[in-house]
Every structure is written in structure tokens, then in C-alpha cells.
Amino acid sequence: MAKLLEVENVFKRFGGIVATNDLSFDVEEGESLALIGPNGAGKTTIFSLIMGEIRQNSGSIKLQGREISRMPTHQRIQSGISRTYQVPRPFADMDVAGNIRVGMMPDSLWQMLLRGPDPKAELDVALSVGFKQEDLERTPSTLSMGDLRKLELARTLATKPEVMLLDEVFAGLTLAEIAQISELLAKKRKEGMTFVIVSHDLRSLEPLVDRAVAMNFGRQIAEGTFQEVMGDEEVRAAYLGQ
Amino acid sequence: MTQILIQGFLLSGLYALIAVGFTLIFSVGRVLNLAYGAYIMMGGYAYFYAVHIWHLPKTLGFLSAVVVGAIAGILMYRLLVKRLEGDQVAVEISTLILAVIIQAGIVLLFNDSSKILLPIVNGVWHVGSTTITKNMVMAMIASWIILGGLLAFVKFTHLGRAIQAVSMDPKGALISGIRTDRINLTTWAISGALGAVAGVFFATHTQLNPSMWVSPLIIAVAVVIVGGIGSIIGSLIVAHIIGFMEIITSTLIGAELRGIFTMLLIIIVLVVRPQGLFGRGDL
Amino acid sequence: MKGIMTPRHVALWIAFAAIMLLLPQVVSNGTLRIIIFANFLAIFAMSWDFLSGKTGYVSFGHPFLIGIGAYTTAILSYRFHMPIEYSIPIAVLTTIAGGTFFFLPALRIKGTYFALVTLAFMELIYQLTQVIRPDLTGGTRGISGVKTLLVGAVPNYYFSFLLMLGIALVLWVLARTRLGTALDAIAMNEEAVSGSGLSTTKLKLFAFMVSAAVAGIGGAFYVHYLGSIAPRALFDIDFVFTIIVSALIGGASTIVGPMLGAFFMTFLLEYLRPLLPGSERYLIYGLVALVLYVYQPKGIYAIIADLRDGMRSKNANNSKNSGKVGDGKAA
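As a starting point, this report considers the structure included with it. If you're wondering where the values come from, they're calculated on a predicted model, not measured in any experiment.

With that settled, consider the overall build of chain A. Each helix and strand counted, chain A has 10 helices and 10 strands in total. Over its C-alpha trace chain A gives a radius of gyration of 18 Å, about what one expects of a compact globule, namely 18 Å for 242 residues. The principal-axis extents of the C-alpha atoms in chain A amount to approximately 55 × 40 × 35 Å. Residues counted as buried form 56% of the 242 residues belonging to chain A. Considering only intrachain contacts with a sequence separation of at least 6, the fraction spanning at least 24 residues in chain A is 65%. A total accessible area of about 10600 Å² is found for chain A, and carbon and sulfur atoms account for 51% of it. Here chain A holds 28 positive side-chain charges and 34 negative ones, and the gap between their average locations is 3 Å.

Here it is in C-alpha cells:
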């Protein structure tokens, strides 16, 4: 299997604080990787670095062997990565269909001007994350947390990513919603999607991943199967020690 | 040369005074109060009314400016800014509208002709070939005293430190038991009072008229933006850069081009280094 | 947010156009001149709205753009005797090019700062017009005796109305495209737009160029209606205020809103004239604007829509109360 995403020796400093310290890991095509670690370990930072929302001080980030560190965010999305956020922030005044529509747009002014939206494709994406047809016209303010996470997934999927970075996908959800999202992710995995998932809900995370990387203070402290990583002394210490 | 130096320091002192109240609000509330220029105007008019129309002593004139400015600050915060809950764009737009309302109110009360405010202290000094009005010297001294006082207030008093805490981290301050609402209100009152005092000096430097608020507002904006947010020292330095550049351009090139440098400075700094020259770099 | 034209809408628009076309038969020339001003104000407000209302990048310096258009055609036609049919298109192109050249760097910076840069630009050009080449710009006194395009209130009324309607139509069509949706999305959450794989710089630049083009068209035709131009009246904070308030009071990002707002504000200003002859009118004007803005930031358009919805569904009011998320600005 080919390496899809490679993070090599990435170093990022915010003022005096080192957020990621010589961090390296890679993700193979079709693989699902868990990124775990205590609060402040640098998990969200590495997502932001991969997406180009912030820039690393040194190190490289490659997608399909191509260096992407100099690309602006939107080009990285076009190359096939996308992410969701801990706190979903949908387009508040647009309905579900509108949110998905923005995700599906091509980055070409002419096409945006001349070609209208594709309601059928929008519906397909919405259905694929578990929305019903009548949900298309609902606005974000009427959605539950679970639905908002689904909306984020839908908008992200609409960009046709090859690898999805999911940040705390289970936070704030009811058990039923967790089950629903898990099922959805399992299905996408079976279809061949590559994932990097951050979650504090280790029990829900375990069945969704092939491998895990543990971080603390911006460094990688363990890597292996989920069981191996959770059994690691340093990982246990990091979790208990906080 | 001496002339440029002396006048530069005098004007810069005045500009620092104008900017300080604006800096205060910007660093604490992170909002641009575009009605700040209106405090300056109201301060000038309050003093004019008290001293030139009611013939009260000058100290009472200043006191009335302070009171008017503080009340304006409090009302602005209570009735407008608090309601808009930190929506920066809404605060900008509504304070701009408010500034125009206050301008119209001034026209209604005092009509729109320009008024000359007599100097607070009469007399001039001669240094070589340069003439210095005692009034401008007084403005500069007042500016230094007020700035020094403000720095001491922020550093050494309980309330001052609370203001600083809110400016650094509003949520953290709230958790530590600081009543951010009360602090914000106090800051707005202080800012209004400072603006009004600056207005009295500014009005004696230029003159009173209902559209006088725009240029000090732009100076305040320039000082804060270029100096960097939350940096009182940075503001002081930039007030001097602007003051000196104005004096240099108006003596060497022409008085009409005075303001152009300020505008260019805002534009260039915002575009090249949006966090300001001395700022914390968080925006 | 719906883009559907119902027959009722079409009927309303036809009725509106018919009333406007018949108006010169019933009202005085004085009233027509007021409406002409409202038409131009509506054009300026729509121009502002396409940039600021849509993308959330508030411009406090729109007269800068209007001024480029107005001055270019005034100078070309008055000083160089260029025919209007050349000078106006050149003025519009100059506005787009000049505006882009100056504003483009400013689009990198975020909301509040963008507003300040635009304000600084307006003050800058105000001072520059007075000192640089006063032989061309006329300095502080400006230029008068600029060739007028049409003579009399009635032709000017028809022309300005059709110009406004044409611009509104073009903007309306643009807003209905996916591009329009993307611009709306920028105001709501710019990060998520680039997170959807779209270049926000390209989108903002487009919005800006459209806005500049409309401002240039409005400014150029306005100067050939007035026949004169002076820096103080143009690069004035009251003018900025009137444009922004018209757009916001009517309803930002709605096309109809800025038109509505421009008419509302113009007539308010005119009806206050007998009571308050001078610039103290702005007191009432501003208070109305402020109260409306704070009460309903989405403007008259939203108030009308709310009233209509309220009447239509008095009992179906339970849909809007679950947890509110994403008020546009967080973190």
C-alpha cells in the first residue's frame, strides 16, 4: 500500500510554547489512524498544520508524495485532504443543502457563475451521512449537535476528499448519535476512505481504527496497534498524569 | 530645526493624549469605538459652554468636560456596545452612526459655525526664532502627566490590574472572579473622560466645529493600529512619529499635505504588518 | 435566502415598474429630483452591499471608488473635451483598475482593519485631490460646468431609474448563482469557505471588482447628471454614512434592501427638511438608523419578511428554539 499522507519532523512553535516537536507519522491509503493524547498534546495543531491554516516552522508534510507545505488551504482541499472541527461552525444562515452546496463548488469563478447547483448530488451527500430529504431545508440553528457533526461531515465529504481528518467527532453527542456517526464512519472506511481521527472517547474510537499514534507535549510517544499504544507505559502516564 | 523639534514634541504630546483613551477601549474591549472622536468634540464644547458662556472658572470647565465624556462613555457602553455582544462589525457601524448623530446634535445646540476656544493659559515663550504658546506646552505636560498616571493606575492599583487582566483574557478574568461587565463600564467611562480632556486641548489647538471629530479619530486610529494593540509605549512612540512627520511635512513641503503621511502610514502598516509595529501580534 | 420567483413576485415587480414609469405624470419636478437622488443612492448602496453586505468586509471608503469614477469622467470630458460615450467607460474601467490596485492588498486583512484602511483611503484621496494637480481636479472647489447627459427632471428620472433597475437586475442574477452563495458564505465563516476548497481571495476580488464597477458607473453618471463635483461633498463621512445606512437599514445582501433603504432614507431626509433645515436633520436620521439597526440588523427587508411570515403562520412558531450554534463569529 502506498503512503497517502506523510508528516515528517514537523516543528511548530507559538511564542515560547512548542506545539509540535519533531513530529513524524504517516498514513497509508485506506488506513484509519487514531491520534490520541491528553489535552494540549498538539493534536489539533497538527491538523491545522496539515490543512495549512497555520504554517510549521520546519519539517515537511506530503500528500501522495507531493510536498504541500507551501500550498494555501483551498489547494490542499483540492488535492484531497479535508478536516472537521471540534466545534462545528456551519454557514449559519444557510440551510443544510446550502452548506453542502458550498462544499461541492468547483474553485472556478466561471463554473460558479454559469452552472447552477446540483440538487440531486446535494441530496446524495446529505443522505449518505444519514440526513433525510426533509432535513435539506433546515437551518443550522435548528439542528442538534449530532446533526451539526453530520452536516460537517457532509460538507467535508462534498469536497471529495481522499483523507479526512476528524477532530473530536464524538464530543457533545448522545450515545445514540455516537452510534450513528460510528456506523457512518465504518461504512466510509469500508468504501476505502482514509481517516485520521482524534477523540477522547477511546471506546468509540477503537473499533474505527487500524493503528494509533499517541502524542504528548507535541512529540510522538507511542505508535502501533490501538491495544499496543494503550498498553504503553508512557501513554498511561501521560493520561493519568494530567 | 529647533522649531521642528519643539513643535514636534508639542504636537506629539497632544496626539498621545488624544490616542490614549482610544487605546484603552481597544485593548480592553477589542472594539473600535468610532464615536471616540465625538468625546473629543463633546469635551471641547462642554468646556466652551462652561467657560465662555457661563463664565465658570477653567477648572470647572475641565470638570464639566470630564463629566460629559464619562457619561457619554457609560451611556455608549450600556445602551449600545453591551447589547451588540462583541460583534465587532456591528459596533463599528453603530458607533459611526452614533458619531454622526452627535455631530448633528452639536449643530442643533450650537449651530454649525466654527468657534474659537481661547487658550487655557495665555502667553508665549520665545526660543530663538521659534514662538511657543504656553497653551501647547501645558497640553504636552498634561499629556505626560495623564499618560504617566494611566500607566501607574494600570500597574499599581487593583482596578487597573483588573482592567489589564480583562484586556489579556476576558474569559480567564471572569473565572478569576473579576466582574468584567463592571470593568468594561469603568473603562468606557475613563476612556470617555480622557477623550473629553484631550478634546479641550485639541479645540484650543485648532477650533471648535461640528465636524472636528474626524481628524482626531483618524489620528487615534493610526496611533493604535500602527503602535500595536495594548501597547501604551508603542502608542506613545507612534504618536511622536505622526506628530513629527506632520510638523516636518507642513514646514518643509506644505501645510495641506500634513495629513497625508498619517493616512499612508495606516495603510502601509495595516497591509504589511497588520499586528502593528510594537504589538503583541495576536491579530 | 430562497431564489424562487413566484408569479406573485413577478406581478409585484411589474406593478412597481409601472408605478415608477407613470410617476412623472403625477408628481412635481422637485419630487422627481429627490427620486433621482434616491436612485443614485440606491446604486451606491447596492455597490457597497455587493462587497460589504455580502462578504462582511465593511468598506468605510466607498466614496473613494465613486470618486475615481466621477473624477475620471469629469476630468476627461471637461478638461480634455472627450465625448461622454468614451469618458464614462474609461471612468468605469479606471475605477475597477484603480480600486483593485489600491484595495487588493487590503483584502488580506480582516474585517475591522479593512474598514479602517478604506476610511484612510478616502481621507487620503480627499486631501490629494486638493493639492495634487489642482489644474485638473479643480482643487478644493472642484469642477463645475461638466457636460450633462440629459436635460430636465423627467428624462433624468427615467434614465436614473432604468440605470438603477438594470444594475439591480445584474446584481440579482449574480447573487442567484453559486458564486453569490459562496460570497454569502464568506460573511458567515471565511475559514470554512477555504475549507471547502475555494480560494477566498479570488471570490473577494470578484466581489470587489463588481462593487467597484457599479460604484464607477454610478459615480460617472451622477457627475454628468449634477454637472459638478467637489471633494468636500464627495469624500465626506456623512456620505459614507448615508450609503452604509441605506444598505443596512434596507437589508444587507438582499439587492432589494439597499434600494428600499435608499428610498426610505432619502424621503426621510427630505421630509425632515421643513422641520430641520440644516445638517441637524442627521440627528433624527441617525437615531432612526441606529434604532432600526440595533433592533433588526438585517434591516427593513427582514422586518417586512418577519411580519409576513408572522401573519402567515401564527401557530407554526416552534421551530426556532433548539440550541443556537455558530453565530457567525466564534473563537
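Let's shift gears to the pattern of salt bridges. Residue and element names in this part refer to chain A. Tallied over the entire structure, the rule returns 24 salt bridges over all chains. Here arginine 138 ties to aspartate 135 by a salt bridge, and the two come within 3.2 Å at their closest N and O atoms. Residue arginine 138 is classed as partly exposed on the basis of its relative accessible area of 28%. A relative accessible area of 11% means that aspartate 135 is categorised as buried. Arginine 189 serves as the salt-bridge partner of aspartate 210, at 2.6 Å between the closest nitrogen and oxygen. Taken together, the residues span a long stretch of sequence, with aspartate 210 in the loop between helix H8 (202-205) and strand S9 (211-216) and arginine 189 in helix H7 (residues 175-190) at a distance of 21 residues. Under the relative-accessibility criterion, aspartate 210 is labelled partly exposed at 36%. Overall, the relative accessible area of 22% leaves arginine 189 in the partly exposed class. One salt-bridge network, in which partners are shared between bridges, spans Asp135, Arg138, Asp147 and Lys150.

This paragraph deals with the sheet that holds strand S5 (residues 66-67) of chain A. Residue and element names in this part refer to chain A. Pairing is antiparallel in the open sheet, where four strands are placed in the order S2-S1-S4-S5. Either end of the sheet is taken by a strand with one partner, and the two such strands are strand S2 (17-28) and S5. One ladder, built from five bridges, connects strand S1 (residues 3-14) with strand S4 (residues 58-63); its direction is antiparallel. Within S4, the residue paired with phenylalanine 11 across the bridge is serine 58. Running over the sheet, helix H1 (residues 43-51) touches S1, S2 and S4 and is turned about 115° from S1.

This next bit is on the interface of chain A and chain C. Between chain A and chain C, the residue contacts involve 31 residues of the former and 33 residues of the latter. Across the chain A/chain C interface, buried area totals approximately 3000 Å², and carbon plus sulfur atoms make up 63% of it. The largest share of the area that chain A buries against chain C comes from Arg89, Leu109 and Leu113 of chain A, three residues that together contribute 21% of it. The interface formed by chain A and chain C contains two salt bridges. One salt bridge in this structure joins lysine 202 of chain C and aspartate 107 of chain A, with 3.7 Å as the shortest N-O distance. At the boundary of chain A and chain C, one finds eight residue pairs in polar contact (both at pLDDT 80 or more). Elements supplying a minimum of two residues to the side of chain A that touches chain C: helix H2 (73-79), helix H3 (96-104), helix H4 (109-114) and helix H6 (145-157) of chain A. Residues belonging to the side of chain A that touches chain C are distributed by class as follows: 14 nonpolar, 10 polar and seven charged.

It is worth spelling out the packing of aromatic side chains at this point. In this structure the tally under the stated criterion is 27 aromatic pairs over all chains. When the centroid spacing of 6.3 Å and the interplanar angle of 10° are considered together, the rings of tyrosine 71 of chain C and phenylalanine 235 of chain C count as stacked. Of the two residues, tyrosine 71 of chain C is situated in helix H3 (residues 62-79) and phenylalanine 235 of chain C in the loop between helix H11 (231-234) and helix H12 (237-250); the sequence distance between them amounts to 164 residues. Taken individually, tyrosine 71 of chain C and phenylalanine 235 of chain C each receive the classification buried, so the pair is uniform in this respect. Ring pairing ties together the aromatic residues Phe37, Phe40, Phe44, Tyr222, Tyr225 and Phe239 of chain C, which thus form one cluster. The ring of phenylalanine 131 of chain A carries the charged tip of lysine 150 of chain A above its face, separated from the ring centre by 5.2 Å. The side chain of arginine 232 of chain C reaches across the aromatic face of tyrosine 126 of chain C, ending 4.0 Å from its centre.

Reading guide: rules and limits
- Per chain, the residues get numbers from 1 upward, laid out in the order the sequence is written.
- To read the labels, note that chains go from A and ligands from 1, taken in the order they are written.
- This being a predicted model, a pLDDT of at least 70 is required before a residue's local features are given, and a value of 80 or more before pairs of side-chain atoms are given or counted; all residues contribute to the totals for chains, interfaces and linings.
- With hydrogens and water stripped out, all remaining heavy atoms of the structure feed into the side-chain values.
- A run of DSSP states H or I qualifies as a helix once it reaches four residues; a run of E qualifies as a strand once it reaches two. Both are numbered from the N-terminal end.
- In this description the radius of gyration comes from C-alpha coordinates, and the expected globular size is given by 2.2 Å times residues to the power 0.38.
- Throughout this description, buried means an accessible area under 20% of the type-specific maximum (1.4 Å probe, protein chains only), exposed means over 50%, and partly exposed covers the range between.
- Contacts are residue-level and defined by heavy atoms, with any inter-residue pair within 4.5 Å sufficient.
- For the area figures, the Shrake-Rupley method with a 1.4 Å probe applies, and any residue is considered shielded solely by the protein chains shown.
- Counted as positive: Lys and Arg. Counted as negative: Asp and Glu, with His and the chain ends omitted from the count.
- We put the charge of a Lys on NZ, of an Arg on CZ, of an Asp on CG and of a Glu on CD.
- Each salt bridge in this description consists of a side-chain nitrogen of Lys or Arg and a carboxyl oxygen of Asp or Glu lying within 4 Å of one another.
- Whether two strands pair comes down to DSSP finding at least two bridges between them.
- A fitted line through C-alpha atoms serves as each axis, taken over the contacting stretch for helices, and the angle formed by two N-to-C directions is quoted from 0 to 180°.
- What gets called buried area is simply the loss in accessible area from a 1.4 Å probe that two parts show on being joined, summed for both.
- We define a polar contact as two N or O atoms separated by no more than 3.5 Å, with the added condition that, inside protein, one atom must be a possible hydrogen donor and the other a possible acceptor, whereas residues neighbouring each other in sequence contribute only through side-chain atom pairs.
- Under the scheme applied here, ten amino acids are nonpolar (Ala, Val, Leu, Ile, Met, Phe, Trp, Tyr, Cys and Pro), four are charged (Asp, Glu, Lys and Arg), and all others, including Gly, are polar.
- Centres within 6.5 Å are what make two rings of Phe, Tyr or Trp a pair, Trp counting through its six-membered ring; a difference in plane orientation under 30 degrees is then read as stacked, over 60 as edge-to-face, and the rest as tilted.
- Lysine and arginine charges are scored as sitting over a ring when NZ or CZ, respectively, is within 6 Å of the ring centre and within 35 degrees of the ring normal.

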